[in-house]
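Overview (structure and organization)
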Amino acid sequence: MGLPNDDVVLIEKGKKPGETCVITINCPDKTGLGCDLCRIILEFGLYITKGDVSTDGRWCYIVLWVIPDSTMTSERWASLEERLLSVCPSCLASFYYIQQSNPSTTSLVYLLKFCCLDRKGLLHDVTHVLFELELTIQRVKVMTTPDDRVMDLFFITDSMELLHTKKRRDETCERLDAVLGESCISCELQLAGPEYEALQNGASALSPAEVEELFCCELSDKETHAQALSPDLTKLKNASVKIDNSMSPAHTLFQIRCVDQKGLLYDIMRTLKDCDIQISYGRFSSSIKGYRDIDLFILQKDGGKIKDSEKQNALCSRLKVEMLHPLRVIITNRGPDTELLVANPVESSGKGRPRVFYDVTIALKLLGICIFSAEIWRHSTSDRQWEVYRFLLDESCEFPLKSSGARSQIVDRVRRTLMGW
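Residues numbered from 1 in each chain as written. Predicted model: local features only at pLDDT ≥ 70, side-chain atom pairs only at ≥ 80, totals over all residues. Heavy atoms only, no water.

1. Regarding the overall build of the chain
Helices and strands together make up the secondary structure of the chain, namely 10 helices and 16 strands. Within the chain, the fraction of its 421 residues that count as buried is 53%. Summarising the internal contacts of the chain: among those between residues at least 6 apart in sequence, 70% fall at separations of at least 24. Accessible surface, the chain: about 19700 Å² in total, of which carbon and sulfur atoms supply 52%. (Helix = DSSP H or I, 4+ residues; strand = E, 2+ residues; numbered from the N terminus. Buried < 20%, exposed > 50% of the residue type's maximum accessible area, 1.4 Å probe, protein only. Contact = heavy atoms within 4.5 Å. Areas by Shrake-Rupley, 256 points an atom, 1.4 Å probe, with all protein chains shown as cover.)

Quick look at the structure:
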C-alpha cells in the first residue's frame with residue numbers, strides 16, 4: 001500500500017512571482033525527515049512562512065507555506081521537487097512497515113580549480129554560479145598572488161549526482177567562464193584526489209581565544225566583545241521553550257517562541273533529529289511582530305513522554321542555544337592580518353548548514369570588501385563538530401579594518417545576511 005511518486009511531493013506555485021507557494025509532502029515517516037526537508041528548502045533560498053506536520057509514526061503529512069526568491073525558475077522548481085522526493089522514504093513499502101532511515105551514501109567529491117584576475121565580488125559571483133547549478137561547496141581554498149591573480153580550489157559535490165558525466169562538467173566550466181569572462185586564465189574540473197583530505201588536515205588551527213569566542217554558548221552584549229549585538233538585535237536574546245505533559249496523554253508538548261530568522265524551522269528540526277526526538281504533530285505559526293510561535297507534540301525514541309526533569313532542562317537549553325545562536329560570527333587579528341571567522345554546528349549526519357559561504361560572500365561584496373583568501377574546514381569540540389569559515393579581508397578606505405566601528409559594522413552586516421534580517 002502506498003502512493004505514486006507523483007503524489008508524494010506536490011508544489012502549488014503562487015499566481016505571481018514572489019507570492020506564497022504551498023509544498024505538501026505525503027509519505028512514509030522516518031526520524032529526521034522534517035530536518036532533511038527543511039534543509040533542502042533552506043538550500044534553495046525559500047522562506048517558510050508557516051507549516052503543519054502530522055504523523056502516526058508510520059506515515060506523515062507535511063504542509064509548508066513558502067515564499068520563493070528571484071532565482072526560482074521553472075527548472076529550479078522541478079529540481080526542488082526531485083530533491084524533496086529523494087529524502088522521502090520509498091512509498092512502495094508497506095504502510096505497516098516501519099521505515100528505517102536510508103543508509104547514508106557519500107557523494108563523490110570533485111575539485112574545481114581555476115585561475116583568474118582578481119576583482120571585487122569575484123568569490124561571490126563564482127559561489128552564485130555553483131549555487132544555481134546545485135553544486136555544494138564542501139571545502140575551499142582561495143589564494144591571491146602578488147600579481148593580483150586568484151587561484152581557487154573548490155571541493156564540491158553534486159546534488160544531482162551528474163558530475164561524472166562530461167556534459168555536466170562542461171556545463172559547469174562554461175557557466176563559470178561566462179561569469180569570469182576575459183579574466184579567466186584556466187578552469188579545470190576533475191574527481192578530487194588525496195588533496196581533499198590534505199586540505200582538511202592542513203587547515204589553519206584556531207587560537208584558544210578564537211575557540212572560546214566562537215563556541216561559547218552565550219552571546220555577550222559588551223561593546224568590546226567581537227560578537228556584540230547592535231541595539232535593535234538585543235531581542236535575539238529572548239526565547240522561551242515551555243514543556244507541558246498534561247495536554248496530551250501520550251505526548252510531551254513543547255511550546256516555543258523565538259525571534260523570526262532564516263532557517264529557524266531547520267534549526268529546531270535538526271536539533272530534535274540530533275537528540276533522537278520524534279515529532280507526532282507540529283504547527284509553525286506565521287510571524288507576528290517579528291516572533292514565531294511553534295507547538296510540537298513529541299516523543300522520545302522509545303515512544304514515551306519526556307518525564308525526566310534533567311532531560312527536559314537539557315533539551316530546553318539545547319533548543320534555546322540553537323535558536324538564539326545558530327551561527328557564530330567574529331572578527332579577529334592574526335598577526336597584521338584581519339580575519340572574519342564564521343562557524344555553524346554540523347548535523348549528526350555530517351551535513352553542514354546550507355548557503356553560509358554564499359551569504360557571507362554576498363554580504364562582503366555589498367560592503368565593497370575584497371577577500372584576499374578563504375578556507376573551510378571542520379573543527380571538533382568536546383561534544384560536537386563545527387564547520388568553520390575563515391576569510392582574510394583586504395583593507396579598504398570605506399572600512400579601515402583597525403577601526404572597531406568598521407569591524408562591528410562588518411560583523412553586523414554578515415550576521416544580518418546569514419539570519420535573514
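2. Regarding the sheet that holds strand β2 (residues 21-28)
Neighbouring strands of a sheet are bound in pairs by backbone hydrogen bonds; such pairs are parallel or else antiparallel. Taken together, 8 strands build an open sheet; the order of strands is β1-β2-β4-β3-β11-β12-β10-β9 and the sheet is antiparallel. Every interior strand has two partners, whereas the edge strands, β1 (9-12) and β9 (239-244), have only one. Across the sheet, the mean angle from the axis of one strand to that of its neighbour is 20°, orientation sign disregarded. Pairing of β1 with β2 involves 4 bridges; the strand directions are antiparallel. Pairing of Glu 12 across the sheet is with Val 22, part of β2. Sheet strands in contact with helix α2 (residues 74-87) are β1 and β2, and its direction is about 150° off that of β1. Most of the contacts of helix α8 (residues 309-324) go to β9, to which it runs at about 150°, and overall it touches β9, β10 (252-259) and β12 (291-299). (Pairing = 2+ DSSP bridges. Axes fitted to C-alpha atoms, helices over the stretch in contact; angles between N-to-C directions.)

3. Re the packing of helix α9 (residues 356-367) against helix α10 (residues 404-419)
Here α9 crosses α10 at 135°, and the two axes come no closer than 9 Å. Relative to α10, the element α9 is oriented oblique. Judged by the sense of rotation from one axis to the other, the crossing of α9 with α10 is right-handed. Along its contact with α9, which presents Val 356, Asp 359, Val 360, Ile 362, Ala 363, Leu 364, Leu 366 and Leu 367, the element α10 presents Ile 410, Arg 413, Val 414, Thr 417 and Leu 418. A class-by-class count of the residues in the contact of α9 with α10 yields 10 nonpolar, 1 polar and 2 charged. (Parallel < 35°, antiparallel > 145°, perpendicular 65-115°, else oblique. Left-handed = near helix turned anticlockwise from the far one by under 90°. Nonpolar A, V, L, I, M, F, W, Y, C, P; charged D, E, K, R; others polar.)

4. Some details on the side chain of Lys 30
Assignment of secondary structure puts Lys 30 in the loop between β2 and α1 (33-43). Here Val 87 takes part through its backbone oxygen, which lies 3.0 Å from a polar atom of the side chain of Lys 30. (Polar contact = N/O pair within 3.5 Å; in protein donor to acceptor, adjacent residues only side chain to side chain.)

5. Describing the confidence of the model for the chain
In low-pLDDT segments, the atomic positions of the prediction should not be examined closely. Scored by pLDDT, the chain has a mean of 87; 88% of the residues are at 70 or more. Ignoring residues within four places in sequence, the model shows residues 219-226, a span with pLDDT below 50, making 20 contacts including any to other chains. (pLDDT = per-residue confidence, 0-100.)

6. Topic: the nonpolar core
Within the largest apolar cluster, 52 residues are counted, with the highest numbers of intra-cluster contacts made by Leu 46, Leu 80, Phe 254, Ile 268 and Leu 296. In terms of residues, this core owes the most to one element, α1, which gives 7 residues. A domain-level breakdown of this core finds at least three residues from each of domain 1 (1-92) and domain 3 (240-324). Counting residues in each nonpolar core, the second largest holds 49 residues, with Tyr 110, Leu 176, Leu 180 and Cys 184 among its members. (Core = buried A, V, L, I, M, F, W, Y, C linked by side-chain atoms within 4.5 Å. Domains from an automatic or database assignment.)

7. Here we look at the sheet that holds strand β14 (residues 337-345)
Ordered by their spatial adjacency, 8 strands build an open sheet running β8-β5-β7-β6-β15-β16-β14-β13, and the pairing between neighbours is antiparallel. Here the strands that pair on one side only, and so sit at the sheet edges, are β8 (184-191) and β13 (328-334). Averaged over all pairs of adjacent strands, the angle between their axes in this sheet comes to 25°, without regard to strand direction. In this structure, strand β5 (residues 110-117) lies alongside strand β7 (residues 149-158), joined through 8 bridges in antiparallel fashion. Paired with Cys 115 across the strands is Met 151, a residue of β7.

8. So, the environment of Ile 294
Here Ile 294 shows up in strand β12. What makes Ile 294 buried here is its relative accessible area of 0%. Placed 37 residues apart in sequence, Ile 294 and Arg 257 show a C-alpha to C-alpha distance of 6.4 Å. When sequence neighbours within four positions are dropped, the list of residues in contact with Ile 294 reads Phe 254, Gln 255, Ile 256, Leu 264, Ile 268, Arg 283 and Phe 284.

9. Re the pairing of β5
For a regular strand, side chains alternate in direction, first toward one face of the sheet and then toward the other. With 6 of 8 residues buried, β5 is to be regarded as a mostly interior element. Bridge count for β5 against β8 is 7 bridges, and the pairing is antiparallel. Bridging from a neighbouring strand, Phe 114 pairs with Cys 187 of β8.

10. Looking at the environment of Lys 50
Looking at where Lys 50 falls in the secondary structure, it is placed in strand β3 (residues 47-55). If we ignore the near neighbours within four places in the chain, the residues touching Lys 50 are Val 63, Leu 64, Trp 65, Phe 284, Ser 285, Ser 286 and Arg 292.

11. Topic: the packing of aromatic side chains
Overall, the coordinates contain 7 aromatic pairs when judged by the stated rule. With a centroid separation of 4.8 Å and 40° between ring planes, the pair formed by Phe 215 and Trp 386 is classed as tilted. Separated by 171 residues along the polypeptide, Phe 215 in helix α6 (residues 208-215) and Trp 386 in strand β16 (residues 385-393) bring together distant segments of the chain. Using a relative accessible area of 13% as the deciding quantity, one classes Phe 215 as buried. The exposure class of Trp 386 is buried, given its relative accessible area of 3%. (Phe/Tyr/Trp six-rings, centres within 6.5 Å; stacked < 30°, edge-to-face > 60°.)

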